[in-house]
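Observations on chain architecture
Here is what each chain is made of, one letter per residue.
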Amino acid sequence: MTKLKVELVDVYCRDTEDVTGADDFYLVGGLVGGETTKAILTTPIKINDKQKKSFKPDQTVLFEGEVPQGQSVKGGLKAYDEDAAKDWANYGDTVKKISSAISGAIASTGPQGAVAGTILSAATTGGGFLASLDKDDLLGSTELEISSTGPSHEEQAWKMSKSGIGWSTWDYTVTYRISRS
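Report on the accompanying structure. (Residues numbered from 1 in each chain as written. Predicted model: local features only at pLDDT ≥ 70, side-chain atom pairs only at ≥ 80, totals over all residues. Heavy atoms only, no water.)

**Quick word on the overall build of the protein chain**
Per the secondary structure count, the protein chain includes three helices and 10 strands. Secondary structure elements of the protein chain occur, N-terminal to C-terminal, as β-β-β-β-β-β-β-α-α-α-β-β-β. For the protein chain, contacts bridging at least 24 residues in sequence account for 78% of all contacts bridging at least 6. Taken as a whole, the protein chain presents about 8,400 Å² of accessible surface, with 48% of it coming from carbon and sulfur. (Helix = DSSP H or I, 4+ residues; strand = E, 2+ residues; numbered from the N terminus. Contact = heavy atoms within 4.5 Å. Areas by Shrake-Rupley, 256 points an atom, 1.4 Å probe, with all protein chains shown as cover.)

**Here we look at the packing of aromatic side chains**
The final tally for this structure, using the stated rule, is three aromatic pairs. Note on Tyr 26 and Tyr 80: the rings are 5.5 Å apart at their centroids and 20 degrees apart in plane angle, and the pair reads as stacked. Pair noted here: Tyr 26 is in strand β2 (residues 23-33) and Tyr 80 is in strand β7 (residues 72-81), with a separation of 54 residues, a long-range link. For Tyr 26, a relative accessible area of 0% translates into the label buried. (Phe/Tyr/Trp six-rings, centres within 6.5 Å; stacked < 30°, edge-to-face > 60°. Buried < 20%, exposed > 50% of the residue type's maximum accessible area, 1.4 Å probe, protein only.)

**As for the pattern of salt bridges**
Side chains carrying opposite charge are able to pair once their charged atoms draw close together. Counted by the stated rule, this structure contains seven salt bridges. Linking Lys 5 and Glu 7 is a salt bridge whose minimum nitrogen-to-oxygen distance equals 3.8 Å. Classification of Glu 7 as buried rests on a relative accessible area of 16%. Two residues, Arg 177 and Glu 7, come together in a salt bridge whose shortest N-O distance is 4.0 Å. You can see Arg 177 sitting in strand β10 (residues 170-180) and its partner Glu 7 sitting in strand β1 (residues 2-15), a full 170 residues away along the chain. Arg 177 gets classed as partly exposed once you look at its relative accessible area, which sits at 30%. Through salt bridges with shared partners, one network takes in Lys 5, Glu 7, Glu 155 and Arg 177. (Salt bridge = Lys/Arg side-chain N within 4 Å of Asp/Glu carboxyl O.)

**Some points on helix α3 (residues 116-124)**
By the criterion of burial, α3 is predominantly enclosed, with seven of the nine residues buried. Of the residues making up α3, those classed as buried are Ala 116, Gly 117, Ile 119, Leu 120, Ala 122, Ala 123 and Thr 124. At its buried positions, α3 is contacted by β2, β7, α1 (91-106) and β8 (137-147).

**Details of the packing of α1 against α3**
The interhelical angle for the contact between α1 and α3, taken along N-to-C directions, is 145 degrees, at an axis separation of 8 Å. Note on packing geometry: the crossing formed by α1 with α3 is right-handed. Mapping the contact onto sequence places Ile 98, Ala 101, Ile 102, Ala 105 and Ile 106 in α1 and Thr 118, Ile 119, Ala 122 and Ala 123 in α3. Partitioning the contact of α1 with α3 into residue classes produces eight nonpolar, one polar and no charged. (Axes fitted to C-alpha atoms, helices over the stretch in contact; angles between N-to-C directions. Left-handed = near helix turned anticlockwise from the far one by under 90°. Nonpolar A, V, L, I, M, F, W, Y, C, P; charged D, E, K, R; others polar.)

Here it is, written out as structure tokens:
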């Protein structure tokens, strides 16, 4: 067994989606590996052009668990700019709903039979709070498959951008750390 931990390091904004000022950047998703299912939901970070911000300390761990040798942690993340205010007081209940939706999606196949996209899809539709996401701007989506074998420490960058002229362009990089022992 490999103890695997995936942690958010920071988010860097080269260009916000909102032309009038800062974005309210947050992540939704889920990761599954071994016997561990981890729902992911960060509260919004107010971030502007050329800024690097850290996530709340209690929201940095994306996954931590033991994964059998040769297996992977699967799932993914979606990044949003919050445009429609939400009741973040229900954060804990929403995380439970995301976790329940992920568990339901992998119940018949088990963690290794599940496809990362299926886990991500279940995570982003896992509760009433998330039903309102269509009002927020989707900045990017990534499916993750992190092997239990590899270097003991590595950092990965997830880049998302939309270029063009005028409204609704953005450029973000989320850095996350993978630790194996």
